[in-house]
Amino acid sequence: MTIALQVLISGLAAGGVYGLFAAGHSLIYRLTGIVNFAFGDLVGLGIFATLLVLAGTSPVTQAGAHEPRFLLALVVGLACCVGASAATYFGLVQPYLGRGSTIGWVAGTVAVAFAIRAAIGAVFQRSSYVFPDPLPFHRVGRAGFVGIGGAQVQARAFFVIGLALALALGSAWLLERTRFGRALRAVADDGEGARIVGVPVDLFVGLAFGLVGALAMLAAIAAAPGEAVSANTGTLLGLKGLVAALAVRFGPPLYAFVAGLVLGVVEAAIANVHLGGWQLGPAYREVLPLLFVLLFISVWPSREALEERE
Amino acid sequence: MTAAALARTTGAELRRAAGEARGAWSPAAWVAAVALAIGLLVPFLGLGLRMDALASTVYLAVAATGLGLTVGAAGLPSLGAGAFVAIGAFTSALLMARAGWPLEPAALCGALAALAAGLISGGVVRLRPAFVAVSTWLLAWLVWLFLFAFPSVSGGSQGLIVPERTLLGLSATPTVHYEAALVLLVLSLLAIAAVRRGAFGLELSALRQHPPLATSLGVPLARRRLGAFAASAAIAGLAGGLSVQLAAVADPAAYDPFLSFKLLVAVLLGGAAATLGPAVGVAALGLIGLVSDPLARLLQLPLERFDTAVAAFLLLFVLALGGDGIIPWLSPWLPRFRRTRPPVTPRQGGRSGTRAALKVEGLTKAFGGVVALDGLSLELAPGETAALVGPNGSGKTTALRLISGAMQPDGGRVLFGGRDLTEAPTRERVRLGVARTLQTTSAFTELTALEDVLVGRSVRRRYGGGIRTALATPRARAEEPVARAAALNALALVGLEQQADVPIPELTSSQRRLVGLASALATEPHVLLVDEPAAGVGAEELEPLARVLAEIGRQGVAVLLVEHNLRLVRMAAERMIVLAAGEVVAEGTVAEVGESELVRQAYLGAQRL
């Protein structure tokens with residue numbers, strides 16, 4: 001019971017971040033029919049831009065994040081992430097969508113992903129970094145851990161879960177209630193139709209690329225001080241978001257968010273749960289969900305994923 | 001067969017092959033032979049090159065050449081080629097390090113393991129290219145994460161130490177590896193060039209350009225693409241299995257998804273459209289590395305990061321320039337070595353064999369709640385031309401799709417010559433003799449008219465598989481002129497034999513329609529389902545079209561014609577079936593139905609027959 005609670009809460013915290021990535025992948029797919037392979041790395045770019053402003057490239061300790069400085073860093077990081085995401089869309093996705101060239105946007109977004117990884121690696125040459133924590137979680141409970149029902153859980157986990165939920169519900173509200181959101185849904189339904197009735201499709205889709213990047217980045221930064229960050233952090237988060245979005249076949253963004261939450265819990269369970277003497281262990285944590293989704297899309301592809309018949 | 005007879009036939013076959021080889025020997029072959037000789041001599045010229053780096057570059061070129069088949073010929077953007085290299089490398093390394101195997105069988109097992117992985121993950125070839133990219137991307141990460149998560153397999157961060165071995169009886173020094181890799185590269189280039197030029201390559205190209213059209217002509221989409229995907233995987237696995245011994249250590253870090261990316265960059269940089277492109281791309285990456293590596297050291301940047309950045313920016317550069325790659329850019333300046341094909345004469349005479357009747361019973365199909373076809377029954381006698389007419393949305397095209405197997409009915413049966421075809425896949429129906437043309441003016445726009453029609457020969461080839469094409473077996477070669485003659489015959493039937501070598505984009509839209517008709521005819525159908533051949537055809541072109549349809553009927557082919565243009569129907573068809581809201585409302589000779597005031601007013605509007 002104790003372990004179950006621990007798995008659930010830490011899993012939901014990780015899953016909340018995955019969920020925002022999944023929702024982003026899903027929204028982008030529904031808007032454009034493409035998968036942004038650079039999504040995770042674009043967010044990684046934002047995270048490391050924040051870190052650069054906050055602490056330079058030196059190894060950092062948990063202390064040393066003054067609030068004004070942190071806010072400035074966050075704004076710079078968000079600007080980098082949003083700007084680079086929108087630039088990726090306008091420069092490398094939209095031109096090839098018009099031409100119907102799949103290889104063009106696939107190669108373009110993958111090239112952006114590796115270019116960002118290389119740039120981060122060139123500036124931040126250590127294998128991993130500690131992200132400074134602006135919020136005093138280490139003062140909560142015992143050195144940042146609180147006991148619930150006998151389980152020891154990071155206090156940060158609750159903050160991450162709450163923030164992820166708030167961001168997910170907020171963006172759901174945005175899609176549902178605002179003019180911008182309604183326009184995006186129109187584009188997802190029928191891009192040509194939306195263009196004809198006067199929706200500035202390219203501008204709005206470019207904005208959506210930036211917006212999903214910003215949302216995912218906020219959640220990733222909230223969770224970042226909990227563990228070491230490296231150039232792989234963004235990439236792997238993007239990958240897990242993709243796994244969750246594929247598990248719901250690029251369904252509505254809110255479904256994808258829930259799939260992300262589930263993925264987080266499943267990963268935590270794979271790593272920690274013993275059933276009698278039988279345990280999978282941490283080695284299987286990342287491999288199994290990936291394998292499952294790969295089999296899922298190749299054995300039971302959705303009608304949309306299948307090659308066009310006519 | 002006695003040994004003597006076998007020896008005689010083998011001898012004759014070899015002499016014939018030698019004769020053909022002499023005939024095909026061209027300036028291009030001289031250039032290639034000289035380049036190969038220089039390549040083989042490089043280690044002995046005392047140029048002071050690092051042979052280990054050179055050998056591993058050539059192995060990379062082998063893997064990239066294999067990937068060219070998937071990316072270029074099949075048009076599938078694979079982001080997981082490195083995963084197959086890794087599978088080959090670790091299988092081979094484990095067999096050598098843990099079981100003490102020699103290099104050659106270990107590398108072969110590596111290739112087999114990669115082939116198996118390619119076949120297992122091969123379900124993805126049924127997907128759209130975008131989803132192929134997604135799933136191969138997942139595969140690349142899966143293999144890499146697996147290697148890190150299971151140090152018991154991969155040796156962890158130190159990797160697996162691979163012991164010294166011999167290669168083909170020689171101590172496996174970098175020079176020996178280099179020579180072996182070069183021979184492997186040449187063999188894979190030859191095999192892939194043969195495949196791309198042969199029937200298999202033509203069908204892959206058709207599937208890449210227009211999947212629905214290729215499928216409707218009976219080209220097996222999943223089988224052909226899986227063949228290309230698995231062959232790429234096996235070649236990558238073999239390159240990985242051999243090169244891991246050269247590296248002396250199987251280090252998981254060397255097989256991260258960047259390897260897959262680098263292979264894709266090489267393919268696109270060199271030019272996916274050309275067989276030689278990927279190898280040229282690897283060479284270009286290597287040459288750029290000669291410049292960029294000292295630069296990285298000068299700037300004190302980590303080398304592997306710098307390589308990643310260089311590859312990524314090169315790819316963005318290639319994409320910005322249109323994405324064709326080096327070989328296609330150079331091709332205007334390269335001397336043309338045109339192969340002249342022996343002229344083919346159309347086969348004379350009609351086709352023989354029993355003619356069967358098509359019978360459709362109670363076909364029903366609904367889309368969501370909308371009933372498109374409600375219990376359609378019709379019969380088509382051998383050699384008869386019947387027209388299926390009716391207003392838009394009355395279910396005509398749906399009927400053709402159900403009969404041809406592009407779609408499964410909710411109820412009812414399709415019978416042909418007494419066989420129940422309701423469940424049969426399209427290829428099986430085309431093979432038995434039920435072919436269809438598509439409604440749109442569709443043809444494979446990168447091909448010539450004759451090549452386009454040759455796609456329709458898919459179901460009639462017996463030796464057109466990938467392995468036979470790659471090895472250019474006598475039967476596969478003997479089949480080629482037969483197929484070309486039949487295709488030319490089909491083109492002659494629609495009156496386009498003069499346009500055989502004209503590229504499709506240079507034909508008029510009604511000529512393209514006729515090419516589509518010829519492609520369907522090339523499948524040697526007994527029943528031809530023709531979907532609106534007159535749409536967008538000028539009034540003066542109707543009569544030639546009607547003549548073509550009449551000629552097809554005279555050859556004994558039954559035609560079911562879906563058409564809006566009633567002039568064409570009157571000229572071409574004997575019988576008429578009127579469909580409205582998914583049901584047959586009138587049936588009879590063209591004259592009878594034309595007389596029926598009810599039908600004319602309700603369904604044909606005011607137009608007079």
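Residues numbered from 1 in each chain as written. Chains lettered and ligands numbered in written order. Predicted model: local features only at pLDDT ≥ 70, side-chain atom pairs only at ≥ 80, totals over all residues.

Draft legend 1. Up close: the overall build of chain A. The helix and strand inventory of chain A stands at eleven helices and four strands. Over its C-alpha trace chain A gives a radius of gyration of 20 Å, about what one expects of a compact globule, namely 19 Å for 310 residues. In terms of overall dimensions, chain A has a C-alpha envelope of 60 × 50 × 40 Å along the principal axes. Scored against the burial criterion, the 310 residues of chain A give a buried share of 51%. Pairs at least 24 apart in sequence give 76% of the contacts found in chain A among residues at least 6 apart. (Helix = DSSP H or I, 4+ residues; strand = E, 2+ residues; numbered from the N terminus. Rg over C-alpha atoms; globule rule 2.2 N^0.38 Å. Buried ≥ 20, exposed ≤ 12 C-beta atoms within 10 Å, placed from the backbone. Contact = placed C-beta atoms within 7 Å.)

Draft legend 2. Structural view of the overall build of chain B. Summing up its helical and strand segments, chain B has 25 helices and 14 strands in all. Based on the C-alpha atoms only, the size of chain B along its principal axes is roughly 90 × 60 × 50 Å. Looking at chain B as a whole, 51% of its 609 residues qualify as buried. Considering only intrachain contacts with a sequence separation of at least 6, the fraction spanning at least 24 residues in chain B is 76%.

Draft legend 3. Fine view of the packing of helix 4 (residues 81–99) of chain B against helix 12 (residues 257–270) of chain B. All names here are of chain B. In contact at an axis separation of 6 Å, helix 4 and helix 12 are set at 120 degrees when each is read in the N-to-C sense. Relative to helix 12, the element helix 4 is oriented oblique. Considering how the two elements wind past one another, helix 4 and helix 12 form a crossing that is right-handed. Facing helix 4, whose interface residues are Ala81, Gly82, Ala83 and Val85, helix 12 presents Pro257, Leu259, Ser260, Leu263 and Leu264. (Axes fitted to C-alpha atoms, helices over the stretch in contact; angles between N-to-C directions. Parallel < 35°, antiparallel > 145°, perpendicular 65-115°, else oblique. Left-handed = near helix turned anticlockwise from the far one by under 90°.)

Draft legend 4. Molecular detail of the interface of chain B and chain A. At the interface, 45 residues of chain B touch 38 residues of chain A. Going through the elements one at a time, helix 6 (129–149), helix 10 (211–216), helix 12 and helix 14 (303–320) of chain B are the ones with two or more residues in the side of chain B that touches chain A. No other element matches the 14 residues that helix 6 of chain B contributes to the side of chain B that touches chain A. Grouping the amino acids of the side of chain B that touches chain A by side-chain chemistry returns 35 nonpolar, six polar and four charged. (Nonpolar A, V, L, I, M, F, W, Y, C, P; charged D, E, K, R; others polar.)

Draft legend 5. A look at the environment of Val146 of chain A. Residue and element names in this part refer to chain A. Along the chain, Val146 falls in strand 1 (residues 145–148). Assessed through the 16 C-beta atoms surrounding it within 10 Å, Val146 is described here as partly exposed. Once the C-alpha coordinates of Val146 and Ala219 are considered, the two residues, 73 residues apart in sequence, prove to be 21 Å apart. Every residue in contact with Val146, bar those within four places of it in the chain, is listed here: Val140, Gly141, Val153 and Ala155.

Draft legend 6. Spatial organisation of the sheet that holds strand 8 (residues 411–416) of chain B. Residues and elements named next belong to chain B. Ordered by their spatial adjacency, four strands build an open sheet running 6-5-8-9, and the pairing between neighbours is antiparallel. Each edge of the open sheet is held by one strand with a lone partner, namely strand 6 (370–380) and strand 9 (419–420). Pairing of strand 5 (residues 358–367) with strand 8 involves five bridges; the strand directions are antiparallel. When the bridges of strand 8 are listed, Glu361 appears paired with Arg413. (Pairing = 2+ DSSP bridges.)

Draft legend 7. Region of the structure containing unusual backbone geometry. All names here are of chain B. In this model, Glu524 sits at a positive phi of 55 degrees, which is unusual for a non-glycine residue. Tracing the chain through its elements places Glu524 in the loop between helix 21 (509–522) and strand 11 (527–531). Given 20 C-beta atoms within 10 Å, Glu524 falls into the buried group. A positive phi is found at Glu532, a non-glycine position, where the angle reads about 45 degrees. Structurally, the position occupied by Glu532 is in the loop between strand 11 and helix 22 (542–554). For Glu532, a count of 21 C-beta atoms within 10 Å translates into the label buried.

Draft legend 8. Quick look at the domain arrangement of chain B. Residues and elements named next belong to chain B. Its domain assignment divides chain B into domain 1 (49–255) and domain 2 (358–603). The gap between the C-alpha centroids of domain 1 and domain 2 is 41 Å. Every contact between the two is made by 23 residues of domain 1 and, on the other side, 28 residues of domain 2. Per-element accounting of the side of domain 1 that touches domain 2 gives the leading share, seven residues, to helix 9 (residues 199–209). (Domains from an automatic or database assignment.)

Draft legend 9. A look at the environment of Ala183 of chain A. Residues and elements named next belong to chain A. Among the structural elements, Ala183 can be located in helix 6 (residues 179–189). Judged by the 22 C-beta atoms lying within 10 Å of it, Ala183 falls in the buried class. It is 8.8 Å that separates the C-alpha atoms of Ala183 and Pro200, two residues lying 17 residues apart in sequence.

Draft legend 10. Broad picture of helix 16 (residues 396–404) of chain B. A large share of helix 16 of chain B lies buried, amounting to nine of its nine residues. All of the buried residues along helix 16 of chain B are Lys396, Thr397, Thr398, Ala399, Leu400, Arg401, Leu402, Ile403 and Ser404 of chain B.

Draft legend 11. Broad picture of the pairing of strand 1 of chain A. All names here are of chain A. When strand 1 meets strand 2 (residues 151–154), the two strands line up antiparallel, connected through four bridges. By the bridge assignment, Phe145 is partnered in strand 2 with Gln154. Here strand 1 hands over to strand 2 after two residues, with Gly149 in that stretch at a positive phi of 50 degrees.

Draft legend 12. Quick look at the nonpolar core. Core analysis: the biggest nonpolar cluster contains 305 residues, and Val17, Leu20, Ala219 and Ala220 of chain A together with Ala63, Ala518 and Leu561 of chain B have the highest contact counts within it. Looking at which domains feed residues into this core, each of domain 1 (49–255) and domain 2 (358–603) of chain B gives three or more. (Core = buried A, V, L, I, M, F, W, Y, C linked by C-beta atoms within 7 Å.)

Draft legend 13. Highlighting the pairing of strand 13 (residues 575–580) of chain B. Residues and elements named next belong to chain B. Of all six residues in strand 13, five are buried, a share of seventy percent or more. Relative to strand 13, strand 7 (residues 385–389) is paired through four bridges, and the arrangement is parallel. Its bridge partner being in strand 13, Ala386 is matched across the sheet by Arg575. In this sheet, strand 14 (residues 583–589) lies alongside strand 13 in antiparallel orientation, the contact comprising six bridges. Note on strand 14: the bridge partner recorded for Arg575 is Thr589. The hairpin formed by strand 13 and strand 14 contains two residues between the paired strands, and Ala581 there has a positive phi angle of roughly 50 degrees.

Draft legend 14. View of the packing of helix 3 (residues 51–73) of chain B against helix 13 (residues 277–298) of chain B. Residues and elements named next belong to chain B. Between helix 3 and helix 13, the least distance of the axes is 7 Å, while the angle of their chain directions is 140 degrees. Relative to helix 13, the element helix 3 is oriented oblique. Crossing handedness for the pair helix 3 and helix 13: right-handed. Where helix 3 approaches helix 13, its residues Thr57, Leu60, Ala61, Ala64, Thr65, Leu67, Gly68 and Gly72 are matched on the opposing element by Gly277, Pro278, Ala279, Gly281, Val282 and Gly286. Here the contact of helix 3 with helix 13 is built from residues that sort into seven nonpolar, seven polar and no charged.

Draft legend 15. Summary view of the sheet that holds strand 11 of chain B. Residue and element names in this part refer to chain B. As summarised here, the arrangement of the six strands in space is 10-11-12-7-13-14, forming an open sheet in which the pairing is mixed. Every interior strand has two partners, whereas the edge strands, strand 10 (434–436) and strand 14, have only one. Pairwise comparison of adjacent strand axes, ignoring direction, gives a mean angle of 15 degrees for this sheet. Sheet contacts for helix 16: strand 7, strand 10, strand 11, strand 12 (558–562) and strand 13; angle to strand 11, the most-contacted strand, approximately 145 degrees.

Draft legend 16. Molecular detail of the environment of Trp173 of chain A. Positionally, Trp173 of chain A belongs in helix 5 (residues 155–177). For the pair Trp173 of chain A and Trp278 of chain A, spaced 105 residues apart in sequence, the C-alpha to C-alpha distance is 43 Å.

Draft legend 17. Local environment of helix 20 (residues 474–493) of chain B. Residue and element names in this part refer to chain B. Between its terminal C-alpha atoms helix 20 stretches 30 Å, which fits the 28 Å expected from 20 residues at 1.5 Å a residue. Here helix 20 has its buried residues at Ala476, Glu479, Glu480, Ala483, Arg484, Ala486, Ala487, Leu488, Asn489, Ala490, Leu491 and Leu493. The secondary structure elements touched by the buried residues of helix 20 are helix 18 (449–455), helix 19 (466–471), helix 21 and helix 22. Looking one or two residues past helix 20, Gly495 carries a phi angle of roughly 80 degrees, positive in sign. (Expected span 1.5 Å × (residues − 1).)

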